Structures are given as structure tokens and as C-alpha cells.
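# Tertiary structure, described
The lines below spell out each chain.
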Amino acid sequence: MSSTAPTTTTTGAITSTTSTPNLDCLTIKEAFPQVRFDVDCSNVEPNSTYIATKPVYRRRRAALRQRQVNDYIQFKNSQIIHVILPNMDLAGSISPVLGNLEGMVILDLSGNKLSGSIPEELAKCVQLTKVSLENNQLVGSVPAALTLILVSNKAVVNLGTNCLENYSNQKSSCKYKDKCLQVSLDTRYMQPQYKPLWDALAIVQNDMRAFDRLAESSGNFAFGEYMFQGFRKYAAKLVWCFAHHPEFAYQGGR
């Protein structure tokens, strides 16, 4: 159990009181460094709820003010039991350190841009009764140990609209994943003579329409039509795969 215990230190005639930081609080801040939690980890109320927010661009703030605040973390007996962070534009992978929140009952990270696989460490959260990870970009399979816990707890689970294996209601773009693997391993256009084309694609930041306009104005960069069109078809696939399945695709020919 994570707790915040006061410690009294006496030095000469001066007496000061400090608190040990709440470990669950430190964990949640480590797991989501881009989120601002309205809590001081050295002064956590044992049974309390704290709002979570994320810095946003100014042009989005007005719209977000109209939205009801529903992102928060909740403590019970100094342990985090609810992690509710939907629709916060979170990206990257799910941090394995969440497995240290062993008292967690509800985990809601739905509607974000999370990618990668579901960490095995979540199986340490043996009290989970609700997991909502739908509408992200998760891949792979659900760890067997975590599945066992969720089934044992008769948990409510929503993993839809990802790219997970052996689960229904996944994104239609997932079916192109194997094609992206093949594209990322295709080295025909990685030879030095194609460097000018890769450089041009980098200049337009992978915008294929801008690339086409640049090619038209420069006579296909002095490449023959057949060679140029072959490269363009390959580059378009690679750009799409990099955006949708970055775990497979890599870019650059130099």
C-alpha cells in the first residue's frame, strides 16, 4: 500500500516536518509525464479524487473549456484505484510502470493515440474490473496473464478499434499491416542513385502531392518515367505505412 507518512526532524532548536511522497502518485506522474495532475505527491489525501489535464494549444483551449472535465485519478486508502484519462490526445506506448498500481480497479485510456503493445506488467494489477483501451493504435495480443485476471474478475473490457490480434471490431486498416512489413523490407529503392528523390521527399515532409508538384517542375529529377513512377509508388506506400504502422516501416534511402 502506498501512503504518505509524516517524518519529524529536529536539528538544534529547529523542528521540521516532512512527508514521504505517495508512491502511487509518483508512478502515475512517471507513466504520463505529458499530463498535469492536480496533486502534490507529498500531500495526498488518502481518499480523494484529483483532476488530470493536459497543456493544449491556445486555439483548442476555448473548445476544451466547453467540454465537461472527466479525466481524473482517484485514491482509496492512499492507493490509486481509478485512472480515467480518455480523449486526452496521449501518444506513445502504455508505460509498464502502470503495473505498480496494484490497487487499480478501473483503467480508461480510450480515445487516445497510444501505440505499441499492451504491457505484461498490467497483470500485476490483480483487482482490475474495468479496462477501456478502445480507439487507439495498439498492436499485438493481450498478455495471457492479464487475460486470466480479467476473466477471473469478470471484468468489463473494451479493446475495440485498435489493431489487436484475435479481437473483433478492429480497424479496417489493420489488414494492410503485413503489406507494410513487406514494404519496409523492400530495398530496391534504397540504392544511392535514389538519394535525390529521398531528399526531395524529406524537403516536402512526406507530402506526396507536394512531391508530385516538385517532380513536375524539375522534370522528374532527371529520372526516366519508369524509374520515377516505380519509386513514387513505393514511397507512397512507405509514407502510408509509416503513418499507420510505424512499428514496421522505416523511411530514408541514405
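Below is a short write-up of the structure. Here the structure is a predicted model, which is why all the values come from computation and not from measurement.

## Observations concerning the pairing of strand β11 (residues 137-140)
Relative to β11, strand β9 (residues 113-116) runs parallel, the two being bridged by two bridges. Bridge assignment links Ser-115 to a residue of β11, and that residue is Gln-137.

## Structural notes on helix α5 (residues 195-203)
If you check which residues of α5 are buried, you get Leu-197, Trp-198, Ala-200 and Leu-201. Viewed end-on, α5 has its buried residues packed into an arc of 160°, placing them on one side of the element. One or two residues past the end of α5 sits Gln-205, with phi positive at roughly 55°.

## Focus: the sheet that holds strand β13 (residues 163-164)
If you trace the four strands from one edge of the open sheet to the other, you get β7-β9-β11-β13, paired in parallel fashion. Every interior strand has two partners, whereas the edge strands, β7 (91-93) and β13, have only one. With three bridges joining them, β7 and β9 adopt parallel strand pairing. Paired with Ser-93 across the bridge in β9 is Ser-115.

## Section: the side chain of Glu-134
Of note, Glu-134 is situated in the loop between β10 (130-132) and β11. Within the buried core, Glu-134 has no salt-bridge partner, and the shortest N-O distance to an opposite charge, that of Lys-130, equals 7.8 Å. For Glu-134, the contacting residues outside a window of four places in its chain are Ser-110, Gly-111, Asn-158, Leu-159, Gly-160 and Asn-162.

## A look at the state of the cysteines
In the structure shown here, the tally under the stated rule is one disulfide. Across a sulfur-sulfur distance of 2.0 Å, Cys-25 and Cys-41 are joined as a disulfide pair. Classification of the bridge connecting Cys-25 and Cys-41 rests on its S-S torsion, roughly -75°, and on that basis the disulfide is left-handed. Here Cys-41 lies in the loop between β3 (36-37) and β4 (48-53) and Cys-25 lies in helix α1 (residues 23-31), a separation of 16 residues in the sequence. Side by side, Cys-25 and Cys-41 carry an identical accessibility label, which is buried.

## Some details on the packing of α5 against helix α6 (residues 208-217)
Running from amino to carboxyl end, α5 crosses α6 at an angle of 125°, the nearest separation of the two axes being 9 Å. Relative to α6, the element α5 is oriented oblique. Crossing of α5 over α6 shows right-handed handedness. Where α5 approaches α6, its residues Leu-197, Ala-200 and Leu-201 are matched on the opposing element by Met-208, Phe-211 and Leu-214. Of the residues assigned to the contact of α5 with α6, the class counts are six nonpolar, no polar and no charged.

## As for the packing of aromatic side chains
Applying the stated criterion across every chain yields a total of 11 aromatic pairs. Measuring from centroid to centroid gives 6.1 Å for Tyr-189 and Phe-231, while their planes differ by 75°, and the two rings are edge-to-face. Of the two residues, Tyr-189 is situated in the loop between α4 (177-184) and α5 and Phe-231 in helix α7 (residues 225-244); the sequence distance between them amounts to 42 residues. Since its relative accessible area comes to 12%, Tyr-189 is described here as buried. The class for Phe-231 is buried, based on a relative accessible area of 0%. On the basis of an interplanar angle of 85° and a centroid distance of 6.1 Å, the ring pair of Trp-198 and Tyr-234 is categorised as edge-to-face. Taken together, the positions of Trp-198 in helix α5 and Tyr-234 in helix α7 put the pair 36 residues apart, joining distant regions of the chain. Residue classification places Tyr-234 among the buried positions, given a relative accessible area of 5%. An aromatic cluster is built from Tyr-189, Tyr-194, Trp-198, Phe-211, Phe-221, Phe-223, Phe-228, Phe-231 and Tyr-234, whose rings are joined through pairwise contacts.

## Regarding unusual backbone geometry
Positive phi values are uncommon outside glycine, yet Asn-220 reaches one of about 55°. Positive phi values are uncommon outside glycine, yet Ala-222 reaches one of about 70°.

## So, empty space enclosed by the protein
Tallied over the entire structure, the rule returns one cavity of 30 Å³ or more. The space that makes up the largest cavity amounts to roughly 30 Å³. Contributing to the lining of the largest cavity are Ile-118, Leu-122, Val-131, Leu-133, Val-142, Leu-146, Leu-150, Val-157 and Leu-159. Class assignment of the residues belonging to the lining of the largest cavity gives a composition of nine nonpolar, no polar and no charged.

What counts, and where the lines are drawn
Residues numbered from 1 in each chain as written. Predicted model: local features only at pLDDT ≥ 70, side-chain atom pairs only at ≥ 80, totals over all residues. Heavy atoms only, no water. Pairing = 2+ DSSP bridges. Helix = DSSP H or I, 4+ residues; strand = E, 2+ residues; numbered from the N terminus. Buried < 20%, exposed > 50% of the residue type's maximum accessible area, 1.4 Å probe, protein only. Arc of directions from axis to C-beta. Lys, Arg positive; Asp, Glu negative; His and termini not counted. Salt bridge = Lys/Arg side-chain N within 4 Å of Asp/Glu carboxyl O. Contact = heavy atoms within 4.5 Å. Disulfide = S-S within 2.5 Å. Axes fitted to C-alpha atoms, helices over the stretch in contact; angles between N-to-C directions. Parallel < 35°, antiparallel > 145°, perpendicular 65-115°, else oblique. Left-handed = near helix turned anticlockwise from the far one by under 90°. Nonpolar A, V, L, I, M, F, W, Y, C, P; charged D, E, K, R; others polar. Phe/Tyr/Trp six-rings, centres within 6.5 Å; stacked < 30°, edge-to-face > 60°. 1 Å grid on protein atoms, 1.4 Å probe; cavity = no way out; pocket = protein on both sides within 12 Å on 5 of 7 lines; lining within 4 Å. Points joined across faces, edges and corners; volume = space filled by probe spheres on them.

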